[in-house]
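Reading the structure
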Number of protein chains: 4
Amino acid sequence: MQMGMIGLGRMGGNMVKRLREGGHEIVGFDMNPESGRDMDSLEALVGALKTPRVVWVMVPAGVPTESTIAKLGELLEPGDIVVDGGNSKYTEDREHAASLAQRGIGFLDCGVSGGVWGAERGYALMVGGSAEDYATVLPIFETLKPEGEYGLVHAGPVGGGHFAKMVHNGIEYGMMQAFGEGFATMMRSEYVTDPAKTMASWRSGSVVASWLLDLFENATKDDPTLHNVPPVANESGEAKWMVEAALELGVPTPTTAAALWQRQDSRGAADDILRVVTALRAQFGGHVTKIDEIATH
Amino acid sequence: MQMGMIGLGRMGGNMVKRLREGGHEIVGFDMNPESGRDMDSLEALVGALKTPRVVWVMVPAGVPTESTIAKLGELLEPGDIVVDGGNSKYTEDREHAASLAQRGIGFLDCGVSGGVWGAERGYALMVGGSAEDYATVLPIFETLKPEGEYGLVHAGPVGGGHFAKMVHNGIEYGMMQAFGEGFATMMRSEYVTDPAKTMASWRSGSVVASWLLDLFENATKDDPTLHNVPPVANESGEAKWMVEAALELGVPTPTTAAALWQRQDSRGAADDILRVVTALRAQFGGHVTKIDEIATH
Amino acid sequence: MQMGMIGLGRMGGNMVKRLREGGHEIVGFDMNPESGRDMDSLEALVGALKTPRVVWVMVPAGVPTESTIAKLGELLEPGDIVVDGGNSKYTEDREHAASLAQRGIGFLDCGVSGGVWGAERGYALMVGGSAEDYATVLPIFETLKPEGEYGLVHAGPVGGGHFAKMVHNGIEYGMMQAFGEGFATMMRSEYVTDPAKTMASWRSGSVVASWLLDLFENATKDDPTLHNVPPVANESGEAKWMVEAALELGVPTPTTAAALWQRQDSRGAADDILRVVTALRAQFGGHVTKIDEIATH
Amino acid sequence: MQMGMIGLGRMGGNMVKRLREGGHEIVGFDMNPESGRDMDSLEALVGALKTPRVVWVMVPAGVPTESTIAKLGELLEPGDIVVDGGNSKYTEDREHAASLAQRGIGFLDCGVSGGVWGAERGYALMVGGSAEDYATVLPIFETLKPEGEYGLVHAGPVGGGHFAKMVHNGIEYGMMQAFGEGFATMMRSEYVTDPAKTMASWRSGSVVASWLLDLFENATKDDPTLHNVPPVANESGEAKWMVEAALELGVPTPTTAAALWQRQDSRGAADDILRVVTALRAQFGGHVTKIDEIATH
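The paragraphs below set out a description of the structure included in this document. (Residues numbered from 1 in each chain as written. Chains lettered and ligands numbered in written order. Predicted model: local features only at pLDDT ≥ 70, side-chain atom pairs only at ≥ 80, totals over all residues. Heavy atoms only, no water.)

Here the focus is the relation of the copies chain D and chain B. Overlaying chain D with chain B gives an RMSD of 0.0 Å, the required rotation being 180 degrees about an axis along which the chain moves by 0.0 Å. Taken together, the turn and the small shift mark the pair as related by a two-fold rotation axis. Taking C-alpha positions as the reference, the residue of chain D nearest the rotation axis is D:E244, at 3.1 Å. The share of interface residues of chain D whose copies in chain B are also at the interface is 100%, consistent with both copies meeting through the same surface. (Least-squares fit on C-alpha atoms with pLDDT ≥ 70 in both. Contact = heavy atoms within 4.5 Å.)

Moving on to the relation of the copies chain A and chain B. Note on the identical chains: chain A maps onto chain B by a rotation of 180 degrees and an axial translation of 0.0 Å, with an RMSD of 0.1 Å. Most of the interface of chain A is mirrored in chain B, where 100% of its interface residues again form contacts.

A word on the pattern of salt bridges. Side chains that carry opposite charge are capable of pairing whenever their charged atoms lie near each other. Applying the stated criterion to the full structure yields 41 salt bridges over all chains. Notably, a salt bridge pairs A:E217 with A:R203, separated by 2.4 Å at the nearest N-O pair. Within this pair, whereas A:E217 is found in helix α9 (residues 211–220), its partner A:R203 is found in the loop between α8 (195–201) and α9, the two being separated by 14 residues in sequence. For A:E217, a relative accessible area of 11% puts it in the buried group. The shortest N-O distance in the salt bridge between C:R203 and C:D214 comes to 2.7 Å. Separated by 11 residues along the polypeptide, C:R203 in the loop between α8 (195–201) and α9 (211–220) and C:D214 in helix α9 bring together distant segments of the chain. Judged by relative accessible area, which is 24%, C:D214 ranks as partly exposed. One continuous salt-bridge network, built from bridges that share partners, spans A:R53, A:E77 and A:D80. (Salt bridge = Lys/Arg side-chain N within 4 Å of Asp/Glu carboxyl O. Helix = DSSP H or I, 4+ residues; strand = E, 2+ residues; numbered from the N terminus. Buried < 20%, exposed > 50% of the residue type's maximum accessible area, 1.4 Å probe, protein only.)

Residue and element names in this part refer to chain D. Along the chain, the position of E77 falls in the loop between α3 (63–75) and β4 (81–84). Taking the relative accessible area as the measure of exposure, E77 reaches 37% and is therefore partly exposed. Along the sequence, E77 and Y173 sit 96 residues apart, while their C-alpha atoms lie 40 Å from each other. Once residues lying within four places of it in the same chain are set aside, the contact partners of E77 are T51, R53, R103 and I105.

Dropping the structure here:
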């Protein structure tokens, strides 16, 4: 089928490639003239599509997605459908859907997992929105997803796709932290000679066999102790949203939150906490507090 | 090759089957006369094996393993090898190895993962001990492990096999807790219609694709809300050992520990903590404390 | 000075008593005719006060506070001041202040700590709002607070009082959980004969000496093992808000969150997590899952 | 009464001063000739005491305490009593008591809290051992403790004093972390103008009033943002022991452990965990991994 794709970066560009290989006619646009775009404006892209149109938005969450959807609301016509495939927060989807609905335009939110591997392996897709809109875009989803029976779900009403993706990423945080704790424990122990090789051996037959473990072997192939990797980790936002959503819903998430905080701590988020602890210790016990003293303790 | 197997329960029995299918000559013994044992005493088993013997101990950790290894120490001869394939703590391995070494008997500790699925899928094996003893028993390991390049590792010196298995199980705790937190969050939300179906969809193409997720689909096939499963979880001991080992080594394990405590809490382990909290709240705020009042709040 | 008090429950009633003993002229109103109210309507209360009026709202957070402030917005006049002394969320204060400001009415948010002990011990007050409004109500604050130099702070602009109170309560959660963990550990150990007596001994000379520890001795005087207290704890909402605010701000709060989740778990919040864990264990290991089996394990 | 004191450092020296002011005859020894010691050898100290002797050991835990008690075991006579007032682990007390008992020498373990403030404020003491030995040393305890009814407890049998002190310190970790989380949250918020002043105001009338809060005001008097204090905190070992003991006993300690791990993280303990997280993110998402790139993100 025909579809417009807005955003031809690493994710969007790879998806277009997979879709074209799957026989779809994709018209692409990106702000960047060097992106390999087909059209040089949003207006031109909309003009190039036959009605009822489907336009997939694959740009960074927040302002870029906001403004793109707002503009599409002006350019598109009743019966058209917008798909937000970025990492928007689920609460924003309802606003987008409501404002597009006022003009008769449909909306689907689609969480996309798979990273740079999706191009060949297929993307895991979680979709929120009406059954009707879902059915319209289904041929696209079918091409993007991996072969086989898994990798695509109509998760729920509008917001459900991004909610599911958020939870997916929260779980991912917990799993990565769990592998990290295991690796770190073995690294400090005299019992395990080569922690990376030991973990790679779990890829078959073990309970923790997983795609992350497959990637772990890749990552450690040339750097088994990972000492070329900095001990600092960034966040993508979704684990934070999941912990917030869970707090709202009254669900405890100690593992997801621990994984989130571990990353935040690596970038200094706990510094003021530690200052209080050290200041109090100095007060009651005369413990060391000066930076140069700490360096030698 | 020829080997003695002590313990023919669910694990040991299945392993014997896989080994015999692999062409090995296994002589089995179990305390239980109805276990399908070949010999009716440890002495008879030892007598039936040609030297140098290999005897695999697959009985519950703790006293049963202790006493079996002690007896084998008396019955076996220099050059023989004992393999402890149970869930012993890594610290015990050194004691076992040392006492057997006094009589010239070798020792390997072997962590075995794979559960009831190992019989057909193969067992992930992590082995601790000398290179020489490992080489001797290698044909057995090769048959037990899954096909392909993974599933077997010589993890380190004596204790390394059980240390690696302990860490493996600690990671498993964290992963299961992470999946649980995600499922629970979606169960309480109005955004995701069918959390179990959504999670099953992640089996392909997603970052959290894993064997645990495959099992999760199995588990939820007939009970998508899991409401037939009690909200109580038991422990196997290994996550506790891992957190203890990590404390000893100075490695933080917030995710593994959170998973452990979640299970302990489900069996009342935090009751005295909660009593303190509620008693204090009643003191300063006149908050509700009586059981029947709580029931209606 | 003269002031209107709306809400004559346990908190409001005690505060009126303390204020009257301090020489203030308080006009009280409560929805409940048996509250000892001076006026039988909000209108009458407003009519009874000389301008510029000060009206303190001491009713439950949420709808009761919302509607009371909305009504006061209609009844009061420019130059009057509303004080919200309840447990409103800091984000609501800005809305209240903005809507009252449109009519020229001032607003202060005042977090109040001290519980049922405040009547005699004095209340710790944290106030948010303008310096001018703060100065106007200062005589009231001075009477409500404990004697001495502590117990009252102009914490910041509108919202600052409730933000500070929220953080105060979050800290309180962490402290109570810490005492609980200590008590529970000693209760299970054979080393400490009487955990309650041991903890009470820390009231002098120790680093953990605190008002909570004073209350702990009270609580355990007739029930040293606390076995008459149910192992279930409720929440007041403020720790949840603090963890949410900290997530928003990028500050890790593992201790506060652990205390919150411990309470939530005691009321079944983790049930779906545990179901996943137990269902998965049953899948890979054939572990026990039926309720009656668990009862005997 | 007469007593020998071994170890005249900050703690021991201050205690001797308080004891002498209380009318006791203290004979002091320290390895350091400049310590103001009365005797220049352990032998001389033992020789200077009338039987039955009481000797208080106030030296660092571990080897110094071990070797001192071992030597005392040779020098003392039946009926004498050794008090270990250092920070030994409770498990070591039983070994010390058993080896001294073989020679008829009594043993008490005494946890001492109060830090540098104890000299004037009195020390909180937790004692483990027999009722008889406790009664013998009671006059000493009575002088060291603060005035009033609190600050001294016969916590249990041998080991009980150090067990109680260990739990005390674990609680202290949780409390300090809780204050730290509150301070850090306010520091990042625009709602609270002066977090240190706000916290100091809680010293009266609030639920979190405590000695630690008194010390916090001291600590922030000249440095309200604590920016002269390094964001790094050391450990004393006792929280780690408490978490280990609680794991052994099956008691969850999420708050105590979080406080411990926060400190460990500040000294790089989680580095290998973070390396795994960042290496995996780079694998699946092409996320930033190089140190110089991180510096600019």
